[in-house]
Each structure stands twice: as structure tokens, then as C-alpha cells.
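Listed below are the residues making up each chain.
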Amino acid sequence: MALAPVIDWTGKKRVNLALQGGGAHGAFTWGVLDAILEDGRLDIEGITGTSAGAMNAVVFAQGYLQRGREGARKALEDFWSQVSDKGSMGPTERKLFEAFFKPFGYEASLSYWWVDFVTHYASPYDYNPLDINPLRDLLTCTIDFNKVRACDEIKIFVGATNVKTGKVAIFKREELTADHIMASACLPTIFKAVEIGGEFYWDGGYSGNPPLFPLFYETNSPDVIIVQINPIERDSTPHSVTEIQNRLNEITFNGTLLRELRAIEFVQRLLDQGKISHKDYVRPFMHRIDGADPLKQFSAASKLDASWTSLTAIRDIGRTAAHAWLAANYDSIGMCDTMDLQAAFG
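Residues numbered from 1 in each chain as written. Predicted model: local features only at pLDDT ≥ 70, side-chain atom pairs only at ≥ 80, totals over all residues. Heavy atoms only, no water.

(A) Local environment of the packing of helix α2 (residues 52–84) against helix α11 (residues 308–329). Remark: α2 packs on α11, axes separated minimally by 9 Å, with the N-to-C direction vectors making an angle of 145 degrees. When the axes of α2 and α11 are compared, the crossing they make is right-handed. When α2 is examined against α11, the residues Arg73, Glu77, Trp80, Ser81, Val83 and Ser84 are found in contact with a partner set consisting of Trp308, Leu311 and Arg319. Across the contact of α2 with α11, the residue classes tally to four nonpolar, two polar and three charged. (Axes fitted to C-alpha atoms, helices over the stretch in contact; angles between N-to-C directions. Helix = DSSP H or I, 4+ residues; strand = E, 2+ residues; numbered from the N terminus. Left-handed = near helix turned anticlockwise from the far one by under 90°. Contact = heavy atoms within 4.5 Å. Nonpolar A, V, L, I, M, F, W, Y, C, P; charged D, E, K, R; others polar.)

(B) Representation of helix α10 (residues 241–272) in the model. For α10, spanning 32 residues, the distance from its first C-alpha to its last is 45 Å, which sits close to the expected 46 Å at 1.5 Å a residue. A bend of about 35 degrees at Gly255 is the largest found in α10. Gly274, located one to two residues past α10, shows a positive phi value of around 75 degrees. (Expected span 1.5 Å × (residues − 1). Bend = angle between axes of the 7 residues up to and from the residue.)

(C) Molecular detail of unusual backbone geometry. Across the junction of Asn209 and Pro210, the peptide omega takes the value -5 degrees, indicating a cis bond. If you trace the backbone, Pro210 turns up in the loop between β6 (199–203) and α9 (213–218). With a phi angle near 55 degrees, Ser51 is a residue other than glycine that sits in the positive phi range. Among the secondary structure elements, Ser51 is positioned in the loop between β2 (42–49) and α2.

(D) Structural context of the layout of surface pockets. When its volume is computed, the second largest pocket comes out at roughly 460 Å³. Forming the walls of the second largest pocket are 16 residues, and the residues nearest its centre are Phe216, Tyr217, Tyr281, Val282 and Pro284. For the lining of the second largest pocket, the secondary structure elements donating two or more residues are α9 and α10. For the lining of the second largest pocket, the class distribution of residues is 11 nonpolar, three polar and two charged. (1 Å grid on protein atoms, 1.4 Å probe; cavity = no way out; pocket = protein on both sides within 12 Å on 5 of 7 lines; lining within 4 Å. Points joined across faces, edges and corners; volume = space filled by probe spheres on them.)

(E) Layout of a nonpolar patch on the surface. On the surface, Val163, Phe200, Trp202 and Tyr206 cluster together to form a nonpolar patch covering roughly 330 Å² of accessible area. Examined against the element boundaries, Val163 turns out to sit in the loop between β3 (155–162) and β4 (168–172). With relative accessibility at 32%, the residue Val163 sits in the partly exposed group. (Patch = residues over 30% accessible without salt bridge, like charges linked within 9 Å, V, L, I, M, F, W, Y side chains within 5 Å. Areas by Shrake-Rupley, 256 points an atom, 1.4 Å probe, with all protein chains shown as cover. Salt bridge = Lys/Arg side-chain N within 4 Å of Asp/Glu carboxyl O. Buried < 20%, exposed > 50% of the residue type's maximum accessible area, 1.4 Å probe, protein only.)

Read these as geometric descriptors, not functional statements.
Written out as C-alpha cells, the structure is:
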């Protein structure tokens, strides 16, 4: 049974976005958002994100509140420009900064060898006792969280992992501060756990990358577009230490998403077979703009380079992917899935 798409008063289809984290590959998501804003046929009701996905979400909201779609596009460009500008940082700050934005495949850089050595033999509580965190500095300089919290046109859900319980924690737009985004992006081998309200948090990717369930409970649109930047499958078996670690990270950060997709597919099947009622459950429609395959063209040493040249190249891949997805799938929004869930986890 197909439902009519959710249409707002402007005649645009309303959708939700789910933004994965993944270091500098978050520039792919920047490109996707830029293309959606440029296309103009979709309105965003809710965004869920972790790590770099959460950063993209709050930057989007701040810019949207200021100047609508064009404001959001400008805010995203300004933020990623700041990501590439590390000239004002000291050497230690630069290394910590690059360690976050190059989580996979950066073995050719000197920062890799420094971070790899230190994180294998000491914790951030030892080698970074002052809790130097250039990501926090970047966020506080570029994002006005008062404006983010005031942007009530878009619902935002940021995921982090509670260190004590191991469960996902969801922070909503109206409570967000730099601390909440830092919690969502806290790689525990590089930064100290982030304390919020007496609880401590690590990167949200460990428990939901990104968490999907808030969109089903707190928004009206049945359509969810996942912007995926971490590959689920690889054609070859990793052999080197770096390749093995990269693949472990990919599996770990995709695991929770695959479990949620499996549960969604189960509910969809029950609805489609009439075993549960459409009166009690909304039939979700799942979509995906997939960056995993096009981003494989980047070499292990350069694919997550945070230079402006690399970031804009990744952005342009995201723009191309989003425009192609819209051209092929816009009419299906609100009518059916365009993502094969069984193939995703089968």
C-alpha cells in the first residue's frame, strides 16, 4: 500500500536526512546537501547525524535560519573552508585535527605516524592532559548555537555513545551546544570523553551511524534519505596493518546502521503483508545516496586529505551523486523505497 508523499505548503516534498560520520568524507555530504538545496524540490523536516554528519547538520541549520537555502549553502562552504585552513594551529593541534579528519587511510602522512605511535602507547588522558581539541575551537568560531537552537523549521538529532552504558544517546536541536557535537565526534583514542550533565560520551558512530529511530518517532515524513559514506562491502581482503584497521573501523561504524535497517525491513514486510495495521504504523520509505563506491577512487594516502583541493573534489562527487539520485528517484519519494534493504544487509 503506497501513501501519498508528505507535501508542505509550498508544494515541495518533505523528507528526512540521515547523515553518516566519516571524517573528511563528510565533504561528500556537504556536496549532497548543496545539490538538494540547489535543486529546490525537497524540504527537510528532520536530520539525524553523528560526528561529521552532526557537524553538517548544525551548520546547515544555522545557515538556513539566516538566509534560507542560499544561507545554508554558504554556511556549509564556509565551514569546510575552515576545516581546510589549519595554518593558525600549533603543531600538536594540527596533528590532533588531522587525526580526526583522516580516520582511514592516511598512512603516508607524518601525522599518522605520530598519532599511531602515541595512541598505541598512551591514552589521551596521558598525552593530552589539557584536553586540547581544535575541533571544539573550530565549532565555537564558526557556529552560533543560539541560532541552531532557534531554527525550529528543522528537527535535528545528534547521536553519541554513552561510555557507561554503551547505549546511543540522542541530543535534540533545542539543547545543542558545542559539547554535544564534540561528544558525537569524540574518538576515544584521540580525545578525552566529553562530559555532559555528569555523563561521559564517545563518538556516536559506535552506537548509531547515524541513528534512524528518532526520525520515525518525531517527524511526520515517512521518507528517509541516508547519505552513506562508509562502504559496507569491500572486494578484497585487507592484509596490511592499516588496511585491517580501516576495515575494522568500517565494519564497526556500519554495524548499528545495518541492524536498524534490518528492523525497518522487518516492519515493512509485516505492513506490506497486512500482518500489522497501517493505522498503527507508518510505512517508512528508505532511500540512499551512496558515496562509498565513488569515493574508492581516492588513494589510501590522499582520499581523506583535508586540503581544500581534496575537500572540494569530494564535495563535487557528492553533488553529482545527489543530482543523479534526484533525477532517477524524485517521483518515487512518498510512494516506494528506492533502497533495497535486503541487499544492504543480506
